[in-house]
Structures are given as structure tokens and as C-alpha cells.
Amino acid sequence: MTDTVQPLESLSKKPEEPKLVVNLRRIKRKIMIMSGKGGVGKSTVAANLAAGLALRGYKVGLLDSDIHGPTIPTIFGLESARPDVNEEGILPIEVLPNLSIMSIGFLLENKDSPIIWRGPAKMGAIKQFLEEVSWGALDFLIIDLPPGTGDEPLSVAQLIPDCDGSVLVTTPQDVALISVRKSIRFSEKLHVPIIGLVDNMHGLICPHCGKPIEVFGTGGVEKASKDFNIPILARLPIEPKVAEMEDKGTVVQGLLEQSTEWQKNFEDVVSAVEKTLDEK
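Residues numbered from 1 in each chain as written. Predicted model: local features only at pLDDT ≥ 70, side-chain atom pairs only at ≥ 80, totals over all residues. Heavy atoms only, no water.

The name given to the protein chain in an unreviewed UniProt entry is Iron-sulfur cluster carrier protein, with Methanosarcina baikalica as the source organism. Regarding the protein chain, the UniProt comment filed under Function (unreviewed entry) reads as follows: "Binds and transfers iron-sulfur (Fe-S) clusters to target apoproteins. Can hydrolyze ATP." In its Sequence similarities (unreviewed entry) section, the UniProt record describing the protein chain reads: "Belongs to the Mrp/NBP35 ATP-binding proteins family." (UniProt positions renumbered as here; feature names shortened; annotations may be inferred.)

In C-alpha cells, the structure reads:
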């Protein structure tokens, strides 16, 4: 019987690193955008943050990891776009020369088609987006998570053990704040640094008298900030024009024009995330 001898040259070879590790190493900062519940404007914050950083000259990727309700393609007016593939992997959709995005929404034959998947399939898709998409060298990868603390947020946190921070989006409603406090604990348990809170839908500016109307009340976000020692990055008013820009896919143009109080206040969120490049 002849023994099989491993060639000496194979013993000297270093094992190949997982593609996920190689991909993520080229990204300086990975930032998760979270919310405890739906309907608080989390994807709006993620899209405007990615575009805002890109407009400041950074190279940015935006990953829409909301498998069941992908809205990032609509926000950027790219619902009909389809990604190409080359030898390096799946090519994300380019919004600007320094801003690219990926979403399950780009892979659907019909935008009305539901994604009827259980947890393992969703986790596999998110892993593929991180592993197989050719993100290239990025300053920031902004990850738009679905609401809650279930499969998708947990998958991202486990796949990116060195995530650089999370931004938590809420509204002044008590029911939203109950959920966001759970997201705070989620980030703490998974050792994801919390950059701060975004108080979205913080009142409505009356079009007649110009005074703020507190639609959802006040004080709750300040209490959560104080209880957990987390800064409030910005208070963003209800702004119909911002919703109109998303429906038309003109978010980037809107940020350039800075025509609303919402966008002016939002610059503080962009600045807070930008500062993470100087940390560590």
C-alpha cells in the first residue's frame, strides 16, 4: 500500500482567507442604521447619510439589508436597475462615481413580488451581499437594517464582528421609544458602539405661521438619551418635501440644494458619522 505524501510546496502555502474577510478589510468604517420599529424613517436616514458622505468626497457603499421591504432602489429612483457580474463578483449599482448601492430589490423580476423566506435564507442573502458584491475600497459602508432585533440585524452583527457603530432612528412617540430602547440594549450586547440617536418626525412646521406643531409629543427621546448616555445627533421635523424627493428619486439633488430644515439639520448626522474616521 502506497502512502500519500503531501507535496512540500503545499505545506508552505498560506491558507486562503475567506472572501468575506478580504472584502470587509477594504472598508474603513461599517455603520449600521437601526430602528426598534418600522415607519420611523430609518431608510430615509440611511439613504441621506450615504449620499451626504459621498457629497463630502468619501467613497461610500450602501447595503439595503431589508429583505422583505427593500426601499433603497425607490429612494434613489433606480427600481429598474439590474447589477452586472464580472470575475470580481456582483457589481453594485452606481449612484455617483463614489456612491454605490446594493439591494434585493435589484434582483426581483417584479417590484411587487414578495420575498417569502425564513431566517436561514435571509441570512444567506445578507452574507452574499457582504461577500460576493465587489464593493472595492470604501471609506464607509452604510447598512440599512430592517426594524427590530431579529434575524437580519443579528446576521449583520455576527458577520461583521468589528462593526464601527450604529445610528438609532426613532420618533418622539412613546411606542417607538419603547422599541428603540431595545435596539440600544441589542447594540450593547453585541458590542456595537452607538454613535447616537436621530429624533425623526420631531414636530411639523406650520406652513401658515411658521411655528412648530408637536405632533407626537416631546421629551421621550431626551429621556432615552439621558438614561443611556447617548447623544441626540439631530432633531428632524416632518417635511413633506423630503418625502416627495424620495418618491421622485431625487435625494442627492435635494441634499445639494439644502432647501429644507430637515436637510440642514441632517448635516449634523453626517458630521457625527464622518468623525468615526478619526477614531481608533
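A.B. asks: Residues and numbers for the layout of surface pockets, please.
C.D. replies: When its volume is computed, the largest pocket comes out at roughly 370 Å³. Along the walls of the largest pocket sit 24 residues, with Val40, Gly41, Lys42, Thr44 and Met201 positioned nearest its centre. Put simply, the parts of the chain that give the lining of the largest pocket at least two residues each are helix H3 (42-55), strand S9 (194-205), strand S11 (232-238) and helix H9 (240-248). Ranked by residues supplied to the lining of the largest pocket, first place goes to H9 with 4 residues. Approximately 190 Å³ is the volume attributed to the second largest pocket. Taken together, 15 residues form the lining of the second largest pocket, with Pro70, Glu79, Gly105, Leu108 and Lys111 sitting closest to its centre. Of the residues that constitute the lining of the second largest pocket, the class distribution is 6 nonpolar, 5 polar and 4 charged. (1 Å grid on protein atoms, 1.4 Å probe; cavity = no way out; pocket = protein on both sides within 12 Å on 5 of 7 lines; lining within 4 Å. Points joined across faces, edges and corners; volume = space filled by probe spheres on them. Helix = DSSP H or I, 4+ residues; strand = E, 2+ residues; numbered from the N terminus. Nonpolar A, V, L, I, M, F, W, Y, C, P; charged D, E, K, R; others polar.)

A.B. asks: Describe in detail the pattern of salt bridges, supporting the description with residues and values.
C.D. replies: Taken as a whole and assessed by the stated rule, the structure comprises 13 salt bridges. Asp162 is the salt-bridge partner of Lys30, the closest N and O atoms lying 3.6 Å from each other. Residue Lys30 is located in strand S1 (residues 27-34), and its partner Asp162 is located in the loop between helix H6 (151-159) and strand S8 (165-170); the two are separated by 132 residues in the primary sequence. For Asp162, a relative accessible area of 43% translates into the label partly exposed. Between Asp227 and Arg181 there is a salt bridge, with its nearest N and O atoms 3.1 Å apart. One end of the pair, Asp227, is in helix H8 (residues 220-228); the other, Arg181, is in helix H7 (residues 174-189), with 46 residues separating them in the sequence. Connected through salt bridges with shared partners, the residues Arg56, Glu267 and Glu274 form a single ionic network. (Salt bridge = Lys/Arg side-chain N within 4 Å of Asp/Glu carboxyl O. Buried < 20%, exposed > 50% of the residue type's maximum accessible area, 1.4 Å probe, protein only.)

A.B. asks: Any chance you could break down the pairing of strand S6 (residues 99-103) for me, citing the residues and the numbers?
C.D. replies: Most of S6 is tucked away: 5 of the 5 residues are buried. Judged by which residues are buried, S6 turns out to be covered on both faces: Leu99, Ile101 and Ser103 on one side and Ser100 and Met102 on the other are all buried. Note that strand S2 (residues 60-64) and S6 share 5 bridges and pair parallel. Bridge pairing links Val60 to Leu99 in S6. (Pairing = 2+ DSSP bridges.)

A.B. asks: Any chance you could break down the packing of aromatic side chains for me, citing the residues and the numbers?
C.D. replies: For the structure on display, the rule yields 2 aromatic pairs. Where Tyr58 meets Phe140, the ring centres are 5.5 Å apart and the plane angle is 90°; that geometry is what we call edge-to-face. Residue Tyr58 is located in the loop between H3 and S2, and its partner Phe140 is located in strand S7 (residues 138-144); the two are separated by 82 residues in the primary sequence. Phe140 matches Tyr58 in its accessibility class, with the two residues each being buried. (Phe/Tyr/Trp six-rings, centres within 6.5 Å; stacked < 30°, edge-to-face > 60°.)

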